[in-house]
Amino acid sequence: MKQKEFNFKDYIRNRYFPHIWCPGCGHGIVLGALLRAVHELGLEKNEIVVTSGIGCSSRISGYVDFHTLHTIHGRALAFATGVKLSKPSLKAIVPMGDGDALAIGGNHFIHAARRNIDITAIVMNNRIYGMTGGQFSPLSGSGKKATTAPYLTIDRAFDIVDLAKSAGATFVARSTVFHATESKDIIKKAITHKGFSVVEILTQCPTYYGRKNKEGDAIQMMEGFNTHTAKIGSKKLENNPNLIQRGIFVEDKTVPEYCEAYDQIIATAMKESL
Amino acid sequence: MAKNKPSEPRTKNRIRHLIDTQWCKGCGICIHFCPEKVLEFDEQGKAKAVRPEDCIACRLCELRCPDLAIQIIMDKEDNHDHP
Amino acid sequence: MTTHNNIRFIQGNEACVEGAIYAGINFFAGYPITPSTEIAEHLASRLPQQGGKFIQMEDEIASMGAIIGASLTGNKVMTATSGPGFSLKQEALGYACMAEIPCVIANVQRGGPSTGNPTHVSQGDINQARWGTHGDHAIIAMTASSHQDVFNITVDAFNMAETYRTPVIILLDEVIGHMREKLVIPDPGVIPVVKRLQTSVPKDVDYHPYLPREDGRLPMSDFGGEHRYNVTGLFHDMWGFPSNDPKIVRGLLRHLVDKIENNVSDITRYKEYWLDNAEYVLVSYGAAARSSIHLARNRQARGVKLGVLELQTIWPFPAELVREKCAGAKAVMVVEMNMGQLVAQVKSAVDTPDKVFLCNRIDGELISPTDIKTALRMIQGKGV
């Protein structure tokens, strides 16, 4: 049977809209993709916990009509680990900014990946600290302008996909807000995947990153996501291997999920204590 | 499940653009990416469907609207997903 | 009924574990740190035996975050640490104050500042427990000087965390944590255990997670349950949504402080020894109280009117109690193993602050009855 048609108003807290994000900010597109993914998976709102940290992206938790936990800067994955391990039946989704996930939260990011706990981490990568007014992030990369890099950045950027892969994440993917449907489809797969999933979504901050680095307005930045990226296995990528790759890089179903592994510990402990 | 028949003529009433002007922040993303140039800014700088009859219901505006301000409403029997 | 099965000869850290289990703990997250590690070790073994969960996190901050997350799904939670780790937990501890998340943090104190004196005793975190996290807030911190009391205050800590929806800090010290002595575990039901207060608001009726009842309590709804709401460390409205409306900010801050400060008498736990007609009163807590009690017993036998007020609730500071118990004394001596953290509170509580003296030890060794006797002789004008 066909499910009810998608209406995002069924999944948001209407009273808090319009949201706080700037005109043209890509975060709202990620929000839309997430809600569509949840809808298409047919998930119950009561089985989802969205945990976030601090920053523009982290405000997403307040807007969605799920169980929502807006925590402290960088620590969302740690809080979500407590939620998930204590009640594994819940779907744990953690939207994060690039600074939140990989600067202050970098340690939690790699350890959640190492544990392979069933959490979907969505890194909304706009390569800047937006909420504090445009400071460079660990994803800005070198040669960029930011309020804390008036003479250009000298810090190199992380590659979120490579980092997640080497830390042991069992689902790793990348898309952009230009590719809203692709983002939605990837988020669906990530939520369905049993284990730690990382979805990097390139998103624009026209207010700070775009303006400081002369990348134009939101529209031009989105066009850039189309121009500068290519799907894994595509002709476009073959012709220009330097493009940023999109798609699913890792989907490993052989690694035990953490909560399930802990259930085995419980079984062992109960047997030994008899 | 019914599919949109490409041969079927489009009418004004079949596709409605529900635009919340309180939520729209006027970024212009929907206007820029609309393949049929259905949308334009109104006098307040908010998105407006000025040529709704040209809409092919690709929903790119809805999918890419960062403000969740646009909904494409398909009337009655056409209430289904689109390619 | 006391049977061999419920008599133990164990460390204070294990007594804390036993108290936590009695109180119904089912989730623990921690990170190894001396001298608290035995709490994590024993719970790693005990929790899964009864279907509970133990997780060793990547750091102290993550441990604090994980217990907050697990509390929200309806669990009784605890973490354990020591000075440097306690410092790391402070931001998330403040979050638990703001978001009103029941949780228990055991801090087995060691010498500080910094890495300090990890394997030696200190009581240097009295003020960190009170003001370690930023901003105005109220907090509950408890301590004990014997394993039976460690057990009891741990049960109290879990109970108060639920009653007041707040983090509660258990301040042990290295001597109490590592010393072995007898513990009798009471049968279930002997000490009341407070269950989480769940909302009675039915499904589909608007539930306000941050709207206090008339009695000031906030019934909870577990994550995964029928009510969906937001939890945040920002000032928030009754739905838990961020707000900077001055009225909401003021109202919430007042509520966070009042719910604890207005219940000092219910929260206060203490013990008193020979206080009737005491000419001299020792105010002490934790391991220092053991030496104080020992000396007082010894002096009483020689006719010296020396009493002890042992505080088990440190914060909120029971000023009224201290004032009343010290009113008749010629002199009051605060016995603690730090540079004088609680003495300032005692001075401000009593009518004549000039009669309050500090007897302390700060070299990582346990303060002895002789140390206290020497100090007492000085204030008695008897010389050393």
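Definitions and cut-offs
Residues numbered from 1 in each chain as written. Chains lettered and ligands numbered in written order. Predicted model: local features only at pLDDT ≥ 70, side-chain atom pairs only at ≥ 80, totals over all residues. Heavy atoms only, no water. Pairing = 2+ DSSP bridges. Helix = DSSP H or I, 4+ residues; strand = E, 2+ residues; numbered from the N terminus. Axes fitted to C-alpha atoms, helices over the stretch in contact; angles between N-to-C directions. Contact = heavy atoms within 4.5 Å. Buried < 20%, exposed > 50% of the residue type's maximum accessible area, 1.4 Å probe, protein only. Lys, Arg positive; Asp, Glu negative; His and termini not counted. Salt bridge = Lys/Arg side-chain N within 4 Å of Asp/Glu carboxyl O. Polar contact = N/O pair within 3.5 Å; in protein donor to acceptor, adjacent residues only side chain to side chain. Buried area = accessible area lost by both parts, 1.4 Å probe. Disulfide = S-S within 2.5 Å. Expected span 1.5 Å × (residues − 1). Domains from an automatic or database assignment. Nonpolar A, V, L, I, M, F, W, Y, C, P; charged D, E, K, R; others polar.

For the sheet that holds strand E10 (residues 270–273) of chain C, give the residues involved together with the corresponding values.
Residues and elements named next belong to chain C. Taking strand neighbours across the sheet as the criterion, the five strands line up as E10-E12-E11-E14-E15 in an open arrangement whose pairing is mixed. Lying at the two open borders of the sheet, with one neighbouring strand each, are E10 and strand E15 (356–360). Between one strand axis and the next, the sheet turns through 20° on average, direction left out of account. In the sheet, strand E11 (residues 280–284) pairs with strand E14 (residues 331–336) via five bridges, with the strands oriented parallel. Across the sheet, the residue bridging to Tyr280 is Ala331, located in E14. Contacts from helix H10 (residues 286–301) reach E10, E11, strand E12 (306–311) and E14 within the one sheet, and its direction differs from that of E12 by about 160°.

Go over the side chain of Asp237(C), please, and point to the residues and values.
Residue placement: Asp237(C) occurs in the loop between strand E9 (230–232) and helix H8 (246–261). In this structure Asp237(C) is buried but unpaired, with Arg15(A) as the nearest side chain of opposite charge at 5.9 Å. Of the polar contacts made by the side chain of Asp237(C), one reaches the backbone nitrogen of Trp239(C); its length is 2.9 Å. Leaving out residues up to four positions away in the same chain, Asp237(C) has contacts with Tyr16(A), Tyr210(C), Ser243(C) and Ile248(C).

Summarise unusual backbone geometry; cite the residues concerned and give the values.
Look at the link from Phe17(A) to Pro18(A): it is a cis peptide, with omega at 0°. If you trace the backbone, Pro18(A) turns up in the segment before helix H1 (27–41). The step from Thr34(C) to Pro35(C) runs through a cis peptide bond, and the omega angle for that step is 0°. Take Pro35(C): it is sitting in the loop between strand E2 (27–30) and helix H2 (37–49).

Can you lay out the sheet that holds E9(C) for me, pointing to particular residues and giving the numbers?
Reading across from one edge, E9(A)-E10(A)-E7(A)-E8(A)-E4(A)-E3(A)-E1(A)-E2(A)-E9(C) is the order of the nine strands in this open sheet, with mixed pairing throughout. For this open sheet the edge positions go to strand E9 (229–231) of chain A together with E9 of chain C, each flanked by a neighbour on one side alone. Neighbouring strand axes in the sheet, compared pairwise and without regard to direction, differ in orientation by 20° on average. Sheet topology note: the strand E7 (residues 171–176) of chain A/strand E10 (residues 244–251) of chain A ladder contains four bridges and is antiparallel. Of the residues in E10(A), the one forming a bridge with Phe171(A) is Glu251(A). On top of the sheet, helix H7 (residues 180–192) of chain A reaches strand E3 (91–97), strand E4 (119–125), E7, strand E8 (197–202), E9 and E10 of chain A; it is set at about 165° to E7(A), its chief contact.

Got a sec to walk through the interface of chain B and chain A? Specific residues and values, please.
With 23 residues of chain B at the contact, the number on the chain A side is 32 residues. Summing the contributions of chain B and of chain A, the shared interface buries around 2,300 Å²; its carbon and sulfur component is 60%. The interface formed by chain B and chain A includes three salt bridges. Across the chain B-chain A interface, the total number found is nine residue pairs in polar contact (both at pLDDT 80 or more).

Quick rundown of the interface of chain A and chain C? Include the residues and the values.
Tallying the contact residues gives 42 residues for chain A and 44 residues for chain C. Note on chain A versus chain C: buried area summed over both sides is about 3,500 Å², and carbon and sulfur give 60% of it. Linking chain A with chain C are two salt bridges. Counting across the chain A and chain C interface gives 22 residue pairs in polar contact (both at pLDDT 80 or more).

Give me the lowdown on the state of the cysteines, citing residues and values where you can.
Residue and element names in this part refer to chain B. Under the counting rule described, the total for this entry stands at zero disulfides over all chains. With no disulfide of its own, Cys30 has Cys24 as its nearest cysteine by sulfur position, at a separation of 6.3 Å. Cysteine Cys61 remains unbridged, with the sulfur of Cys58 as its closest cysteine sulfur at 6.4 Å. Judged by relative accessible area, which is 10%, Cys61 ranks as buried.

Which residues make up helix H3 (residues 60–72) of chain C, and what values do they have?
One turn of an α-helix holds 3.6 residues; hence residues three or four places apart share an orientation. All names here are of chain C. Its 13 residues place the ends of H3 19 Å apart at the C-alpha level, agreeing with the 18 Å of an ideal helix rising 1.5 Å per residue. Where H3 begins, the capping side chain belongs to Asp59, and its oxygen is found 3.1 Å from the backbone nitrogen of Ile61. Once H3 finishes, Gly74 follows within two positions and takes phi at roughly 105°, a positive value.

Give a detailed account of the environment of Phe178(A), specifying residues and quantitative values.
Mapped onto the elements, Phe178(A) comes out in the loop between E7 and H7. Residues Phe178(A) and Gly26(A) lie 152 residues apart in sequence; the distance between their C-alpha atoms is 8.9 Å. Here Phe178(A) is in contact with Met222(A), Glu223(A), Phe225(A), Asn226(A), Phe33(B) and Arg64(B), once residues within four sequence places are set aside.

Give a description of the domain arrangement of chain C that names residues and reports values.
All names here are of chain C. Assigned domains of chain C: these are domain 1 (1–267) and domain 2 (270–379). Contact with domain 1, which involves 30 residues of that partner, is made by 25 residues of domain 2. Ionic pairing is found between Asp149 and Lys271, a salt bridge with its closest N-O pair at 2.8 Å. Summed over the shared surface of domain 1 and domain 2, the result is 18 residue pairs in polar contact (both at pLDDT 80 or more). Only helix H5 (126–131), strand E6 (140–142), helix H6 (147–164), helix H7 (174–178), H8 and helix H9 (264–267) provide two or more residues apiece to the side of domain 1 that touches domain 2. Considering each element in turn, the side of domain 1 that touches domain 2 owes the most residues, four residues, to H5. Taken together, the residues that form the side of domain 1 that touches domain 2 break down as 15 nonpolar, nine polar and six charged.

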